[in-house]
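For reference, the chains in residue letters:
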Amino acid sequence: MTDTIYIRPIALAESPQSEEGGAIRLGGSLAWASRFALIHRRDGRIVSRQRLGARDVPGAIDALPAGLAAEAQAQWADLARVHPPLQCGGRVLRLDQPLVMGILNVTPDSFSDGGKFLDKPETALEHAHAMLEAGAAIIDVGGESTRPGAAAVWEGDEERRVVPVIEHLAAAGAAISIDSRRASVIGAALRAGAHVVNDVSAMRHDPRTPALVAQSGVPVVLMHAPGDASDLHDDGTYRDVVLDVFDMLRDSRDAALAAGIARNRILIDPGIGFGKTLAENLALVNALPIFHALGQPILFGASRKRLIGALAGEVPAHRRMPGSLMLAVQAAQAGAHILRVHDVPETVQAMQVWRGLRDAALTDFSQIAD
Ligand code: PMM
């Protein structure tokens, strides 16, 4: 018999003062939650779900059996954990408001920008510089397509695609992440000047990656994907997609800690679009605040993904910007720390307006007159 416990924020508050202190700040972000579901699972089945205001959560945790109480206590503290900035070379990325990560896929077949930049280093760099100028905090460079059924790429080719681009961007002072699940490519990218590892297999694909990341002392993004070998989209069967992804990310976080990676260098990502149906992707987006309970910064990537096409008359990837913006705003609202997107200027502007709204809510002290 396996018992597991989860604390899911189920109501977001406009500001802490609107709840007169009865709200907690999620992950040091600009999102506050005022109500929570305390969910108990036994062997994968939900056996109880209590809905509680913030002030009632500690008492409900105390009433749990000892084993579950300790885990719930940890999640309750982790929901409010404030994350230190990420150091990327000379750049410091503060995680107290959503940052935009610009995507640079140097691949022949990524679903939305495949082939645009392969063997055209100038075009790739121009695009990267345009994203930086538009306000991208970091550029995510990838040399392997992760779309369903994509042909495997030889790691020598992957390395050849990403290294020159990274060298150039690092010399220009940009913060760079390497989107790869192969230790040899990650190693080459770090030597070329990359600052962050973005591994869509959560370091399960290549057994050499955890030690390499630990030794390098760089931050790592652990993304959920159900398949871990050749096809990341394999094997997407869930009892409850939100809680199953939570469990898997907790295991990945713990494996990273066991490998010697510092806690404040681990980021998590629910892996929107990887081995998930439309309904499962939507459930994850709606439940995003629960992932703060893992105590790590959250990266969110839904830009131009298929779920948008599925909801919007099957528009092709290059026409999914409006839906991508909607999902970015939803993620910001949930306190996501980094948004991985194709449409950088548009997302940055959406975030500027969103930030204005948040600031206005935080400084609204309107009260009943005495
Ligand atoms: N999605 C893709 C590739 N890499 N990395 C992270 N951390 N999260 C994602 O959601 C993610 C990723 C696939 O999308 P693309 O083909 O548009 O790059």
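Throughout what follows, the structure given in this document is the object of discussion. (Residues numbered from 1 in each chain as written. Predicted model: local features only at pLDDT ≥ 70, side-chain atom pairs only at ≥ 80, totals over all residues. Heavy atoms only, no water.)

Details of the packing of helix α5 (residues 183-192) against helix α6 (residues 209-216)
Orientation of α5 relative to α6, taken along the N-to-C sense of each, is 20 degrees, at an axis distance of 9 Å. Taken as axis vectors, α5 and α6 run roughly parallel relative to one another. Handedness of the crossing formed by α5 with α6: right-handed. For the pair formed by α5 and α6, the contact residues are A183, I186, G187 and L190 on the first element and T209, L212 and S216 on the second. Here the residues of the contact of α5 with α6 sort into four nonpolar, three polar and no charged. (Axes fitted to C-alpha atoms, helices over the stretch in contact; angles between N-to-C directions. Helix = DSSP H or I, 4+ residues; strand = E, 2+ residues; numbered from the N terminus. Parallel < 35°, antiparallel > 145°, perpendicular 65-115°, else oblique. Left-handed = near helix turned anticlockwise from the far one by under 90°. Contact = heavy atoms within 4.5 Å. Nonpolar A, V, L, I, M, F, W, Y, C, P; charged D, E, K, R; others polar.)

Observations concerning the environment of V348
Inspection of the secondary structure assignment puts V348 in helix α11 (residues 344-362). Spatially, the C-alpha atoms of V348 and L325 are 9.7 Å apart, while their sequence positions differ by 23 residues. Those residues within four positions of V348 in sequence are excluded, and the remaining contacts are V100, A134, G135 and A136.

Overview of the side chain of D179
Secondary-structure assignment places D179 in strand β9 (residues 176-179). Side chain to side chain, D179 and R340 meet in a polar contact 3.3 Å long. Residues within four places of D179 in sequence aside, it is in contact with D140, V141, G142, G143, E158, N198, V200 and R340. (Polar contact = N/O pair within 3.5 Å; in protein donor to acceptor, adjacent residues only side chain to side chain.)

Structural notes on the packing of aromatic side chains
Under the counting rule described, the total for this entry stands at three aromatic pairs. Pairing Y6 with F246 gives two aromatic rings, centres 5.5 Å apart and planes at 75 degrees, and the pair type is edge-to-face. Taken together, the positions of Y6 in strand β1 (residues 3-13) and F246 in helix α7 (residues 241-258) put the pair 240 residues apart, joining distant regions of the chain. Judged on exposure class, the residue Y6 and its partner F246 are both buried. With a centroid separation of 5.0 Å and an interplanar angle of 85 degrees, the aromatic rings of F36 and W76 are classed as edge-to-face. Taken together, the residues F36 in strand β3 (residues 32-42) and W76 in helix α2 (residues 66-79) connect sequence positions 40 residues apart. The same class applies to F36 and to W76, which are both buried. (Phe/Tyr/Trp six-rings, centres within 6.5 Å; stacked < 30°, edge-to-face > 60°. Buried < 20%, exposed > 50% of the residue type's maximum accessible area, 1.4 Å probe, protein only.)

Let's talk about the site of the ligand
Looking at the ligand, there are 16 residues lining it, with D179, N198, D269, K305 and R340 nearest. With respect to the ligand, the side chain of D179 contributes an N or O atom lying 2.8 Å from a nitrogen atom. Separating an oxygen atom of the ligand from a side-chain N or O atom of R340 is a distance of 2.8 Å. Those elements that provide at least two residues to the shell around the ligand are β7 (99-105) and β11 (220-223). For the shell around the ligand, the per-class residue count stands at seven nonpolar, five polar and four charged. (Near = heavy atom within 4 Å.)

A closer look at the sheet that holds strand β12 (residues 266-269)
If you trace the eight strands from one edge of the open sheet to the other, you get β12-β11-β10-β9-β8-β7-β14-β13, paired in parallel fashion. In this open sheet, the two edge strands, each paired with only one partner strand, are β12 and β13 (299-300). Of the pairings in the sheet, the one linking β7 to strand β14 (residues 338-341) comprises four bridges and is parallel in character. Bridging from a neighbouring strand, G102 pairs with V341 of β14. Taken strand by strand, α11 contacts β7 and β14, and its axis lies near 170 degrees from that of β7. (Pairing = 2+ DSSP bridges.)

Concerning the nonpolar core
Of all hydrophobic cores here, the largest spans 97 residues; its most connected members are L104, V141, L169, F291 and F300. For this core, the element with the most residues is α7, which contributes eight residues. Of the residues that make up this core, three or more belong to each of domain 1 (3-79) and domain 2 (86-358). Judged by nonpolar contacts, the second largest core, of 14 residues, contains C88, L93, L299 and I338. (Core = buried A, V, L, I, M, F, W, Y, C linked by side-chain atoms within 4.5 Å. Domains from an automatic or database assignment.)

Some thoughts on the pairing of strand β10 (residues 196-199)
Alternating positions in β10 separate into two faces, V196 and N198 on one and V197 and D199 on the other, with burial throughout. With three bridges joining them, β9 and β10 adopt parallel strand pairing. Following the sheet pairing, S177 is matched in β10 by V196. Between the parallel pair β9 and β10, the chain is carried across by α5, and the sense of this crossover is right-handed. In this fold, β10 hands off to α6, which returns the chain to β11; that crossover is right-handed. (Right-handed = clockwise from strand over helix to strand, strands pointing away.)

Some points on unusual backbone geometry
For M203, which is not a glycine, the phi torsion comes out positive at approximately 70 degrees. Residue placement: M203 occurs in the loop between β10 and α6. With phi around 60 degrees, R304 is a residue other than glycine that occupies positive phi space. By secondary structure assignment, the location of R304 is in the loop between β13 and α9 (306-311). Overall, the relative accessible area of 11% leaves R304 in the buried class.

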